[in-house]
Amino acid sequence: MRTVAFTLNGKPTRLTVDENRMLLWVLRDYLGLSGTKFGCGAALCGACTVLVNNDAVRSCATPMKDVDGKKVITIEGLANNVKLHPLQEAFVKHLAFQCGFCTPGMILGAYAFLLKNPKPTRAQIVQHMDDHLCRCGAHVRIVAAMETAAASMNGGAR
């Protein structure tokens, strides 16, 4: 057991946990943030994606010792109070989900990508999102949502 301190969705957080416990289970079981989903458990599907210092990471494969002193953002922390983030709004506008299980991971993966690539091409979006699995087949709508969000985040709207 070790004390791990980090910023979670803008708030200082300090927990005494097994430093090898995966971030996913701490978020869900200790902190009650159920927006982060358990998918494959092997860092392959992207359902558990969160941001650590604005990098998309698979929380099912991120031990707590790796978030000590860092900034963690979950889907619960992306919106600004009650206003959805432009990326979340674009997912709603384009119905870029069906069952919604992969959506939190998709949105955070997309957010991290758009931070680094504010004006991506469609091909870059498709390539980046290729490692996020959606069993419902909403990929075309997800790409459209990301294009809309990229334009919106850059001051314009599509």
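Bear in mind that the values here come from a model prediction, so they are computed numbers and not experimental data. (Residues numbered from 1 in each chain as written. Predicted model: local features only at pLDDT ≥ 70, side-chain atom pairs only at ≥ 80, totals over all residues. Heavy atoms only, no water.)

**Student:** Mind laying out the nonpolar core, listing which residues take part and the relevant values?
**Tutor:** Residues Leu 87, Phe 91, Met 106, Met 129, Ile 142 and Met 146 are the most contacted members of the largest nonpolar core, which totals 27 residues. Take this core: its biggest share by element is 8 residues, from helix 4 (residues 103-116). Each residue touching Met 146, except ones within four places of it in the same chain, is listed here: Leu 87, Ala 110, Phe 113, Leu 114, Ile 125 and Met 129. Listed in part, the 14 residues of the second largest apolar core include Leu 8, Leu 15, Val 26 and Val 52. (Core = buried A, V, L, I, M, F, W, Y, C linked by side-chain atoms within 4.5 Å. Buried < 20%, exposed > 50% of the residue type's maximum accessible area, 1.4 Å probe, protein only. Helix = DSSP H or I, 4+ residues; strand = E, 2+ residues; numbered from the N terminus. Contact = heavy atoms within 4.5 Å.)

**Student:** Which residues make up the pairing of strand 3 (residues 49-52), and what values do they have?
**Tutor:** Here strand 3 shows no split at all, with Thr 49 and Leu 51 on one side and Val 50 and Val 52 on the other all buried. As paired strands, strand 3 and strand 4 (residues 55-58) are joined by 4 bridges and run antiparallel to one another. Looking at strand 4, one finds that Val 50 is bridged to Val 57. Hairpin remark: strand 3 followed by strand 4, antiparallel, with 2 residues in the connecting loop; positive phi at Asn 53, about 50°. Across 2 bridges, the pairing between strand 3 and strand 5 (residues 71-73) is antiparallel. The partner of Val 52 across the bridge, within strand 5, is Val 72. (Pairing = 2+ DSSP bridges.)

**Student:** So, the sheet that holds strand 3: which residues are in play, and what are the values?
**Tutor:** The strand order across the open sheet formed by 5 strands is 2-1-5-3-4, and the pairing between neighbours is mixed. The open sheet has two edge strands, strand 2 (11-17) and strand 4, and neither has a second partner. When strand polarity is set aside, the average angle formed by the axes of neighbouring strands in this sheet is 40°. One ladder, built from 7 bridges, connects strand 1 (residues 2-8) with strand 2; its direction is antiparallel. In the sheet register, Leu 8 faces strand 2, and the bridge partner there is Lys 11. Packing of helix 4 onto the sheet brings it into contact with strand 3, strand 4 and strand 5, and relative to strand 3 it is tilted by some 35°. (Axes fitted to C-alpha atoms, helices over the stretch in contact; angles between N-to-C directions.)

**Student:** Give a detailed account of the packing of helix 4 against helix 5 (residues 122-129), specifying residues and quantitative values.
**Tutor:** Packing of helix 4 against helix 5 brings their axes to within 11 Å, and their N-to-C directions diverge by 130°. Here helix 5 runs oblique to helix 4, going by the angle between their axes. The way helix 4 lies across helix 5 gives a crossing that is right-handed. Contacts between helix 4 and helix 5 involve Met 106, Gly 109, Ala 110 and Phe 113 on the former and, on the latter, Gln 124, Ile 125, His 128 and Met 129. For the contact of helix 4 with helix 5, the class distribution of residues is 5 nonpolar, 3 polar and no charged. (Parallel < 35°, antiparallel > 145°, perpendicular 65-115°, else oblique. Left-handed = near helix turned anticlockwise from the far one by under 90°. Nonpolar A, V, L, I, M, F, W, Y, C, P; charged D, E, K, R; others polar.)

**Student:** Describe unusual backbone geometry, naming the residues involved and giving the relevant values.
**Tutor:** Even without glycine at this site, Asn 53 takes up a positive phi of about 50°. Among the structural elements, Asn 53 can be located in the loop between strand 3 and strand 4. Despite not being glycine, Leu 95 has its phi angle at roughly 50°, a positive value.

Remember, this is a structural readout, not a statement about activity or role.
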